[in-house]
2 protein chains.
Amino acid sequence: MSVNVSERSVRRLSLYRRFLLHVQASGGRYLFSHDIATATRTSAAQVRRDLMAISGSGSSSRGYHVTDLLKSISCFLDAPAPQHVALIGLGNLGRAVFAYFVGRHPNLRITLTFDIDPAKTGRLINGCPCHNVLKLNHLCPSHGIRMAILTVPAAEAQAVTDMLVRGGIRGIVNFAPVTLHVPVGVFVETMDFSISLETAAFFSRA
Amino acid sequence: MSVNVSERSVRRLSLYRRFLLHVQASGGRYLFSHDIATATRTSAAQVRRDLMAISGSGSSSRGYHVTDLLKSISCFLDAPAPQHVALIGLGNLGRAVFAYFVGRHPNLRITLTFDIDPAKTGRLINGCPCHNVLKLNHLCPSHGIRMAILTVPAAEAQAVTDMLVRGGIRGIVNFAPVTLHVPVGVFVETMDFSISLETAAFFSRA
DNA sequence: TTCACGGTGTGAAAAAAATAACGATGACAA
DNA sequence: TTGTCATCGTTATTTTTTTCACACCGTGAA
Ligand SMILES: NC(=O)c1ccc[n+]([C@@H]2O[C@H](COP(=O)([O-])OP(=O)(O)OC[C@H]3O[C@@H](n4cnc5c(N)ncnc54)[C@H](O)[C@@H]3O)[C@@H](O)[C@H]2O)c1
Ligand SMILES: NC(=O)c1ccc[n+]([C@@H]2O[C@H](COP(=O)([O-])OP(=O)(O)OC[C@H]3O[C@@H](n4cnc5c(N)ncnc54)[C@H](O)[C@@H]3O)[C@@H](O)[C@H]2O)c1
């Protein structure tokens with residue numbers, strides 16, 4: 001399934017899908033590769049190449065059929081059944097992310113949250129139970145959770161990551177400004193605001 | 001200054017710096033390229049190559065002198081004087097980002113904020129004035145602001161971006177889940193939570 | 001002193017990614 | 001029908017990025 005498709009390509013496919021959903025919502029039926037390209041800031045050749053990899057086929061005269069293409073991309077990107085996600089750390093950012101998340105990702109579902117603060121554990125957050133982080137090892141496997149969103153303080157992030165890995169998590173979206181160390185086979189995506197900021201600062205002067 | 005240094009290299013240099021600051025704080029004095037490499041999940045050759053580009057030189061017996069290297073990297077990455085930054089959109093995320101930002105980036109300073117909600121404009125947020133977004137065109141140039149952090153709803157992001165560009169902004173860190181269109185010479189870094197999430201979801205199954 | 005060792009700096013090689021090129025296809029106008 | 005045209009799918013080429021390889025250097029032991 002994931003054979004021969006690079007990380008960058010997956011990221012672009014996800015972008016294409018978002019654009020296609022907008023087009024579909026506003027009634028568009030067909031798109032050319034260069035339409036998708038300009039909307040997502042890439043090249044027509046790149047779009048065709050990415051779509052080739054997932055065998056989303058278009059017609060040379062009308063282009064790509066929006067709904068069909070959406071189906072192809074979603075079939076490729078999404079798991080057959082919704083994936084369960086754990087959220088660790090219900091501070092400012094964790095709660096904001098949870099609120100943002102809800103309703104936006106039909107194929108992903110935050111089913112458990114964890115914190116270490118007794119004021120937060122044992123309650124429901126957005127209708128979702130919050131457990132003590134020590135139960136992570138136990139609860140993630142039993143709930144079939146393979147993905148986590150990490151919004152704990154930087155100093156705690158590696159320790160929590162180790163727990164997540166032991167609990168069988170294979171994909172982590174990390175908001176803490178640290179480089180996480182994980183075994184091969186575990187995917188980490190760090191949303192590093194500081195690095196992005198410094199990078200933008202640098203190139204704003206270039 | 002920025003000649004011959006790729007975006008990826010800048011990003012890594014920023015990571016190296018963060019690690020070096022930790023090492024410095026805990027009293028470390030020298031590091032080998034492979035130390036930096038393992039800490040930042042890259043290779044020793046990559047580290048040496050990146051550092052070569054900014055002429056941060058090390059000794060073959062002791063490695064790199066932490067403080068000297070920090071100086072070299074900071075001299076390369078940072079502007080001679082602190083850069084001024086505007087923050088647009090003081091909702092949940094905007095306020096969280098502002099709080100996070102404070103004290104963390106000595107060489108960057110959020111000097112103005114903007115919103116469209118009359119309940120927010122005209123006040124001080126963290127001691128920083130919040131103006132109506134319509135004044136953006138006028139105030140950014142007069143305050144020497146060349147960078148912006150964008151935390152407005154997705155539907156507003158492009159319109160606000162257009163204002164920012166007209167106001168002379170050259171670097172944008174965008175949190176809205178949209179692909180922004182800007183003229184060449186303007187750098188956009190989109191912190192795209194949805195795309196990162198979907199990418200992690202994909203590779204957690206790979 | 002002399003040698004072995006482990007590291008740096010850097011050109012060469014390899015790998016990965018993006019771009020360009022081009023035959024094939026179908027729509028449409030003449 | 002026939003020719004033109006724009007776009008697709010795919011292969012080839014170019015560019016970018018990473019990794020490899022190795023000469024050279026400073027240190028410490030013999
Ligand atoms: N706030 C932002 O805008 C922002 C921006 C970028 C990055 N970040 C990063 O995101 C992370 C969270 O930021 P925040 O502002 O929400 O911080 P916060 O202090 O508000 O929240 C942290 C939460 O994690 C919990 N926690 C602490 N240790 C834990 C552990 N071992 N296990 C489980 N839960 C634990 C705390 O109880 C708290 O609820 C930090 O790493 C921060 O650097 C935040
Ligand atoms: N909350 C999250 O965790 C999260 C995560 C990822 C991405 N995002 C994105 O970040 C952005 C902000 O999210 P939020 O949760 O803070 O939303 P929010 O609605 O709480 O805040 C948006 C703010 O922008 C202001 N605003 C609206 N239109 C404006 C305009 N034209 N000019 C200036 N200001 C304007 C509003 O008054 C409000 O203060 C959204 O694009 C969202 O998709 C949020």
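Now for a look at the structure at hand.

Rules of the game
- Residues numbered from 1 in each chain as written.
- Chains lettered and ligands numbered in written order.
- Predicted model: local features only at pLDDT ≥ 70, side-chain atom pairs only at ≥ 80, totals over all residues.
- Heavy atoms only, no water.
- Helix = DSSP H or I, 4+ residues; strand = E, 2+ residues; numbered from the N terminus.
- Buried < 20%, exposed > 50% of the residue type's maximum accessible area, 1.4 Å probe, protein only.
- Contact = heavy atoms within 4.5 Å.
- Areas by Shrake-Rupley, 256 points an atom, 1.4 Å probe, with all protein chains shown as cover.
- Core = buried A, V, L, I, M, F, W, Y, C linked by side-chain atoms within 4.5 Å.
- Near = heavy atom within 4 Å.
- Polar contact = N/O pair within 3.5 Å; in protein donor to acceptor, adjacent residues only side chain to side chain.
- Pairing = 2+ DSSP bridges.
- Axes fitted to C-alpha atoms, helices over the stretch in contact; angles between N-to-C directions.

### Concerning the overall build of chain A
Then, in step 1: Along the backbone of chain A there are eight helices and nine strands.
Then, in step 2: For chain A, the spread of C-alpha atoms along the three principal axes comes to 60 × 45 × 35 Å.
Then, in step 3: Residues counted as buried form 50% of the 206 residues belonging to chain A.
Then, in step 4: Taking contacts inside chain A between residues at least 6 apart in sequence as the whole, the part at least 24 apart equals 56%.
Then, in step 5: Roughly 9,600 Å² of accessible area belongs to chain A as shown, and the carbon and sulfur atoms make up 56% of that amount.

### Section: the nonpolar core
Side chains of a nonpolar character, in soluble globular proteins, are inclined to be buried together.
Then, in step 1: Ile149 of chain A together with Ile149 of chain B are the most contacted members of the largest nonpolar core, which has 86 residues in total.
Then, in step 2: Setting aside chain neighbours within four positions, we find Ile149 of chain B in contact with Phe193 and Leu197 of chain A together with Val85, Ala86, Leu87, Ile88, Val97, Phe101, Ile110, Val173 and Phe175 of chain B.

### Comments concerning the site of ligand 2
Then, in step 1: Residues in close proximity to ligand 2 total 23 residues, the closest being Ala96 of chain A together with Leu93, Asp115, Lys120 and Val152 of chain B.
Then, in step 2: Backbone polar atom of Ile116 of chain B to a nitrogen atom of ligand 2: 3.4 Å apart, as the coordinates give it.
Then, in step 3: For ligand 2, an oxygen atom lies 2.8 Å from a polar atom in the side chain of Lys120 of chain B.
Then, in step 4: The fraction of the free accessible surface of ligand 2 (830 Å²) that becomes covered by protein chains is 85%.
Then, in step 5: Where the shell around ligand 2 is concerned, the elements lending two or more residues are α5 (92-101) of chain A together with α5 (92-101) and α7 (154-166) of chain B.

### Considerations on the sheet that holds strand β7 (residues 145-150) of chain A
Then, in step 1: Here we have seven strands laid out as an open sheet, ordered β5-β6-β4-β3-β7-β8-β9 (chain A), and mixed in their pairing. The sheet is open, and its two borders are formed by β5 (124-125) and β9 (187-190) of chain A, each paired with just one other strand.
Then, in step 2: Bridge count between strand β3 (residues 83-88) of chain A and β7 of chain A: five bridges; the pairing is parallel. Within β7 of chain A, the residue paired with Val85 of chain A across the bridge is Met147 of chain A.
Then, in step 3: The sheet contacts of helix α8 (residues 193-203) of chain B involve β3, β4 (108-115), β7, β8 (171-174) and β9 of chain A, and relative to β8 of chain A the element is tilted by about 160°.

Read these as spatial facts, not as claims about activity.
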